[in-house]
Amino acid sequence: MPSAALFGAVGTQVKARAGDFKPKELASVAWALGMSGHTTPSTTLDAIAAAALGRIGDFTPQGLSSLVYSFAAARHPAPQLFDAVADQVLTLTARARPDGRAHRRATFTSQGLATLAWSYATVGHGHPRLFQTIGRLAQSAPPRVLAAQDMATLAWSFASLGHSSPPLFGEMMAELTRRASELSPQGLSNAAWAFAQHALSSPSTTSRLPASLSHDRLEALFRSLAPQSRAQVKRFSPRALTKTLWAFSATNQRAPELFDAAAAVVAADMGAFDASLLAQCAWAYAVADHDAPVLFTPAFGERFDETAEGPGEGGGDSPRLTLAAPSRRALVQLHQWLMWHQERGAQPHIPSGVASRARDAFLALEGEPSAMQVHVRDALLGIGGADVEEEHRTAQGWTVDLVLTWRGVRVAVEVDGPSHFLSGSSVPTGATALKTRMLSNLAPSTPLVNVAWFTWSTLALPEQPAYLTALLDAAVAEKADAPLCEEAPAVPHGRVQRRRKAVSAATLRSGFEEMARRHAHGALEQEGQRGE
């Protein structure tokens, strides 16, 4: 790698003579500075931006991509320049030849589109019209000619800025499923994270979803990503590995071999993981209900304690991440990991001070009852539910939507709206599955009822009382048939012995899917009756 001194000298010259560079030269030197791996002074980048703004119409598509890349690589925001580049891309791509094809000068390569999208996403510069155009251009090319790495980058960029392009995502999902072996570790991580975000951030308010984005295809993609990630697990960066584990768990995808291999990698280089990454890893294993004794040792707790309460910088010359106090989100995830140990009847290796802070952060979470929850509450009151309590706090800290007395038994009711399920499916998100499983396992003496939106939304007002009555009666009857068991204590001391078989993730998933099948069957019957 060329020396920092050399690039420093180049930067000085560019700053002084930026106005003398032709657009192609300016784009080339900007790209070189971005790729150098050295820090480019903000004054140099500002000089490049000022020079480029006056001649933005003279840049080629490749030059525009290279230009914004240099600013994104330096994490240097330049709103005026990014807006001007976006406007120029729209202008170039709007011009077409009489045969409808784009002029050669307006042609973006697969890499150019990916670089353009990555640059805007990296600096957080949202531009909906630009991303609509990028999506259209990417979709117009046959997927097989797009590099797999570029598709993963495009997916990550769209997901990062919250831009949606279902047709493009559908095509890329199918293509990446076939070509996962072509992805680098970063590409694998980008693809897993992007499609997980897409499934989580696009809750469907209808039971229908384009076939290209069905859950079966999402599962197929993750089945392809899992062995490739396992094979390259030692080459992942700490952040990329953590995001990959999160993506699998957040979408309820199982990859035991990957999780085993990842646990060994994290344990071997734990010092490279900061508080947020450690907590996110812990959460992923809790959601997956995947034991990792090689990782969750006393050393894990000690490292987390160092990260949480240690000095500002790591010692020595080792390239370690800055030690910093965990964020509120990290503490919340850590508490769920602690509850997972309680669920398994195990004692976690974590300093008591860190555990207390995690519990406090979890207890501080507050939610607002949804409109659906209010409707369910009113319906429960209407059928004679007694002592109805909203936002009930359990001993472990979970907040239950509704708790009531039914036929002399206290019953918990969770009202699961669209955000509790992966887009367009009856598959619960990892977070929902974790909560449902823990409520069932940690408080087995209190029956749990789930009211799913895809069933509730199809019920006419007169049908709701009978539906809730049937659910509650079934839950109470199941409790009467179950062996006597005690509720787990709020804080684990030693080993907590569970007295009945725990509810597994697979059982929860099959339960929700059965609920969806009944809903679909009932809807078809209603359609048939209307057609008679």
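As shown above, the structure is provided for reference.
In short, a report on the structure. Residue positions are given per chain, counting from 1 as you read along its sequence in written order. Where local features are concerned, this predicted model is filtered to residues with pLDDT of at least 70; where side-chain atom pairs are given and counted, the filter is 80 or more; whole-chain, interface and lining totals use all residues. With hydrogens and water stripped out, all remaining heavy atoms of the structure feed into the side-chain values.

Looking at the overall build of the protein
Reasoning step 1: Labels follow the DSSP assignment, with helices taken as runs of H or I lasting at least four residues and strands as runs of E lasting at least two, numbered in each case from the N terminus. The helix and strand tally for the protein stands at 22 helices and four strands.
Reasoning step 2: Note on exposure labels: buried denotes an accessible area under 20% of the residue type's maximum, exposed denotes more than 50%, and partly exposed covers the range between, all computed with a 1.4 Å probe on protein chains only. Here the protein, with 532 residues, has 50% of them falling under the buried criterion.
Reasoning step 3: In this description, contact between two residues means that some pair of their heavy atoms is separated by no more than 4.5 Å. For the protein, restricting intrachain contacts to residue pairs at least 6 apart in sequence, the fraction spanning at least 24 positions comes to 74%.

Quick notes on the pairing of strand β3 (residues 409-416)
Looking down a regular strand, the side chains alternate between one sheet face and the other.
Reasoning step 1: Most of β3 is tucked away, with seven of its eight residues classed as buried.
Reasoning step 2: Between strand β2 (residues 399-406) and β3, which pair antiparallel one after the other, the connecting turn spans two residues, and Arg 407 there sits at a positive phi close to 50°.
Reasoning step 3: Where β3 and strand β4 (residues 448-452) come together, five bridges link them in parallel fashion. Each bridged residue has a counterpart across the sheet, and for Glu 414 the counterpart in β4 is Asn 450.
Reasoning step 4: The parallel pair β3 and β4, bridged by helix α19 (residues 430-442), forms a crossover whose chirality is right-handed. Any two strands between which DSSP finds at least two bridges are classified as paired. The handedness rule is simple: strands pointing away from the viewer, and a clockwise path from the first strand over the helix to the second, make the crossover right-handed.

As for helix α3 (residues 42-53)
Reasoning step 1: Between the first and last residue of a helix there are one fewer steps than residues, each counted as 1.5 Å, and that sum is the expected span. Between its first and last C-alpha atoms α3 spans 16 Å; for 12 residues at 1.5 Å apiece the expected length is 16 Å, and the two agree.
Reasoning step 2: Three or more residues of α3 are buried, namely Thr 44, Leu 45, Ala 47, Ile 48, Ala 49, Ala 51 and Ala 52.

So, the sheet that holds β4
Reasoning step 1: The strand order across the open sheet built from four strands is β1-β2-β3-β4, with neighbouring strands paired in mixed fashion. Looking at strand neighbours, the two that pair on one side only are β1 (386-393) and β4, the edges of this open sheet. Between one strand axis and the next, the sheet turns by 30° as a mean value, whatever way the strands run.
Reasoning step 2: α19 rests against β2, β3 and β4 of the sheet, and its axis sits at about 155° to β4. Convention adopted: a line fitted to C-alpha atoms gives each axis, helices being fitted over their contacting stretch, and angles between N-to-C directions are expressed from 0 to 180 degrees.

Details of the packing of helix α16 (residues 328-344) against helix α17 (residues 352-363)
Reasoning step 1: The N-to-C vectors of α16 and α17 enclose an angle of 105°; their axes lie 8 Å apart at closest approach. Between α16 and α17, the angle is such that the two are roughly perpendicular. Judged by residue contacts, Arg 328, Leu 331, Val 332, Leu 334, His 335, Gln 336, Leu 338 and Met 339 of α16 engage Val 354, Ala 355, Arg 357, Ala 358, Arg 359, Ala 361 and Phe 362 from α17.
Reasoning step 2: Three classes are used: nonpolar for Ala, Val, Leu, Ile, Met, Phe, Trp, Tyr, Cys and Pro, charged for Asp, Glu, Lys and Arg, and polar for all others, with Gly counted as polar. Grouping the amino acids of the contact of α16 with α17 by side-chain chemistry returns 10 nonpolar, two polar and three charged. In these notes the angle categories are as follows: under 35 degrees is roughly parallel, over 145 is roughly antiparallel, 65 to 115 is roughly perpendicular, and the rest is oblique.

Brief notes about unusual backbone geometry
Negative phi values dominate among residues other than glycine, just as trans dominates among peptide bonds.
Reasoning step 1: Although it is not a glycine, Asn 252 adopts a positive phi angle of roughly 65°.
Reasoning step 2: Within the secondary structure, Asn 252 is located in the loop between α12 (238-250) and α13 (256-268).
Reasoning step 3: Although it is not a glycine, Arg 407 sits at a positive phi angle of roughly 50°.
Reasoning step 4: Within the secondary structure layout, Arg 407 lies in the loop between β2 and β3.

Some details on helix α2 (residues 23-35)
Reasoning step 1: In a regular helix each residue adds 1.5 Å, so 13 residues correspond to 18 Å; α2 covers 18 Å between its end C-alpha atoms and thus fits that length.
Reasoning step 2: Buried within α2 we find Pro 23, Leu 26, Ala 27, Val 29, Ala 30, Leu 33 and Gly 34.
Reasoning step 3: Where α2 ends, the next residue or the one after it, Gly 37, has phi of about 85°, a positive value.

Things to note about the pattern of salt bridges
Opposite charge on two side chains permits pairing when their charged atoms draw close.
Reasoning step 1: Whenever Lys or Arg places a side-chain nitrogen within 4 Å of a carboxyl oxygen from Asp or Glu, that contact is recorded as a salt bridge. Taken as a whole and judged by the stated rule, the model has 11 salt bridges.
Reasoning step 2: Linking Glu 175 and Arg 178 is a salt bridge whose minimum nitrogen-to-oxygen distance equals 2.5 Å. On the criterion of helical spacing, the pair formed by Glu 175 and Arg 178 is a turn pair, its members being three residues apart in helix α9 (residues 166-178).
Reasoning step 3: Relative accessible area serves as the criterion here: at 7%, Glu 175 is assigned to the buried category.
Reasoning step 4: Between Arg 344 and Asp 289 there is a salt bridge whose closest N-O contact spans 2.9 Å. Of this pair, Arg 344 sits in helix α16 while Asp 289 sits in the loop between α14 (275-288) and α15 (298-309), and the two are 55 residues apart along the sequence.
Reasoning step 5: Overall, Arg 344 belongs to the partly exposed group, its relative accessible area being 28%.
Reasoning step 6: One connected set of salt bridges, linked through shared partners, spans Glu 175, Arg 178, Arg 179 and Glu 182.

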